[in-house]
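So you can see what is in the structure, the chains are spelled out below.
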Amino acid sequence: MAPWALLSPGVLVRTGHTVLTWGITLVLFLHDTELRQWEEQGELLLPLTFLLLVLGSLLLYLAVSLMDPGYVTAQPQPQVEPKEEQTAMVPQAIPLRRCRYCLVLGTGVEPWPPRCPQQPLRARHCRECRRCVCRYDHHCPWMENCVGERNHPLFVAYLALQLVVLLWGLNLAWSGLRFFQPWGLWLQSSGLLFATFLLLSLFSLVAGLLLASHLYLVASNTTTWEFISSHRIAYLRQRSGNPFDRGLTRNLAHFCGWPSGSWETLWAEEEEEEEEGSSQAV
């Protein structure tokens, strides 16, 4: 590995998150919080539980930030004429596209020049990752990775666990704050803990808003990109509503990867249902 690879954005962001996580945990242990009081009293169950939750949130963070979010792979396909039933399952209203960015930048797959993969429905090119991502949600700068079809469930699980840790840490920080005068002496003894409390308040607010928004998106089977840019996306402009919404139960099943199937097929099913409904109305 080249030395300058250690200064890449991904390494710096993940290292910063790890240092910040354990730094805040250390502050909570060193000050006179409930965490330290439990430790001094020999009640180790709650401190160990808190440490395990912190470790679990950190491992989930690293898993989401390092795993493949669902990159569209470019694998050479033999030139075989598609069968009639396969052609019928692809909605003709959505032409198959090739990503112009991948076509220009290349994919690193032989033969050269590389074949640009056909961009599946709900996929989008990420300029930061320089790859197309299946069921693209967004590129997370705090993760330095995309959130897509493969790591979106883990991302939501990470947000939920992280929010629990942050709220617990917020309560622990508040338990150690003692306000007294003169303020200069208080700032010397509790200034770091108070700064930690403010930082945890900010992070808790952000994590709570993110978790709430993603739970809504999961329940309606949509993505952040689709929710914000629906007026610019061809397959959404053609419909009055969300063509992928199948109710809460089926939406959760699709989000978790079951049953497996292409989004093109789901889009076609919605189109057939609309056509049947309009014909019955007539």
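Scroll up to find the structure.
Residues numbered from 1 in each chain as written. Predicted model: local features only at pLDDT ≥ 70, side-chain atom pairs only at ≥ 80, totals over all residues. Heavy atoms only, no water.

**Things to note about the packing of helix 6 (residues 152-175) against helix 7 (residues 183-219)**
For clarity, the cut-off: Working convention: axes come from line fits to C-alpha atoms, limited for helices to the stretch in contact. Angles between N-to-C directions cover 0 to 180 degrees. In this description a helix means any DSSP run of H or I spanning at least four residues, a strand means any run of E spanning at least two, and both kinds are numbered starting from the N terminus. Roughly parallel means an angle under 35 degrees; roughly antiparallel, over 145; roughly perpendicular, 65 to 115; everything else is oblique. Left-handed describes a crossing whose near helix is turned anticlockwise from the far helix by less than a right angle; the clockwise case is right-handed. Each residue is assigned to one class: nonpolar for Ala, Val, Leu, Ile, Met, Phe, Trp, Tyr, Cys and Pro, charged for Asp, Glu, Lys and Arg, and polar for all the others, Gly among them.
At a closest axis distance of 8 Å, the pairing of helix 6 and helix 7 adopts a crossing angle of 150°. One finds that helix 6 runs roughly antiparallel with respect to helix 7. For the pair helix 6 and helix 7, the sense of crossing is left-handed. Its residues assigned to classes, the contact of helix 6 with helix 7 shows 19 nonpolar, 6 polar and no charged.

**Structural notes on the environment of Arg178**
Rules: Residue burial is assigned from relative accessible area. The probe radius is 1.4 Å, only protein chains are included, and a residue is buried under 20% of its type maximum, exposed over 50%, and partly exposed in between. Should any heavy atoms of two residues lie within 4.5 Å, those residues are considered in contact. A 3.5 Å cut-off defines polar contacts: any pair of N or O atoms within that distance qualifies, except that in protein one atom must be a possible hydrogen donor and the other a possible acceptor, and neighbouring residues in sequence count only when both atoms are side-chain atoms.
When you line up the elements, Arg178 lands in the loop between helix 6 and helix 7. Relative accessible area serves as the criterion here: at 39%, Arg178 is assigned to the partly exposed category. Here the alpha-carbon distance between Arg178 and Ser189, two residues 11 residues apart in the chain, equals 9.5 Å. Here Arg178 is in contact with Asp32, Gln37, Trp186 and Ser190, once residues within four sequence places are set aside. Among the polar contacts listed, one links the side chain of Arg178 to the backbone oxygen of Ser175, at a separation of 2.5 Å.

**Examining the packing of aromatic side chains**
Remark: the centre distance and the inter-plane angle together describe each pair of aromatic rings, the angle taken between the planes. For the record, the criterion: Within 6.5 Å between ring centres, the rings of Phe, Tyr and Trp (the latter by its six-membered ring) count as paired, and their orientation is classed by plane angle as stacked under 30 degrees, edge-to-face over 60, tilted in between. By definition here, charges over rings are those cases where NZ of Lys or CZ of Arg is within 6 Å of the ring centre and within 35 degrees of the ring normal.
Applying the stated rule across the entire model yields 6 aromatic pairs. Here Phe50 and Trp168 contribute two aromatic rings whose centre-to-centre distance is 5.3 Å and whose plane-to-plane angle is 80°, an arrangement assigned as edge-to-face. Of this pair, Phe50 sits in helix 3 (residues 45-66) while Trp168 sits in helix 6; the two residues are 118 residues apart in sequence, bridging distant segments of the chain. For the pair Tyr235 and Phe244, a centre-to-centre distance of 5.9 Å together with 70° between the ring planes defines the contact as edge-to-face. You can call Phe244 buried: its relative accessible area is 0%. The side chain of Arg122 reaches across the aromatic face of Phe244, ending 4.1 Å from its centre.

**Section: the pattern of salt bridges**
As a reminder of what qualifies: By convention in these notes, a salt bridge is any Lys or Arg side-chain nitrogen within 4 Å of a carboxyl oxygen on Asp or Glu.
One pass over the structure, following the stated rule, counts 3 salt bridges. Note that Glu40 and Arg36 form a salt bridge whose closest N and O atoms lie 3.2 Å from each other. Here the residue Glu40 and the residue Arg36 both occupy positions in helix 2 (residues 34-40), the gap between them amounting to 4 residues, near one helical turn. Exposure remark for Glu40: the relative accessible area of 58% places this residue in the exposed category. By relative accessible area, Arg36 is classed as partly exposed at 32%. Here Arg122 and Glu226 are joined by a salt bridge, their closest N and O atoms 2.7 Å apart. You can see Arg122 sitting in the loop between strand 2 (118-119) and strand 3 (124-126) and its partner Glu226 sitting in helix 8 (residues 224-228), a full 104 residues away along the chain. Given the relative accessible area of 0%, Arg122 is considered buried.

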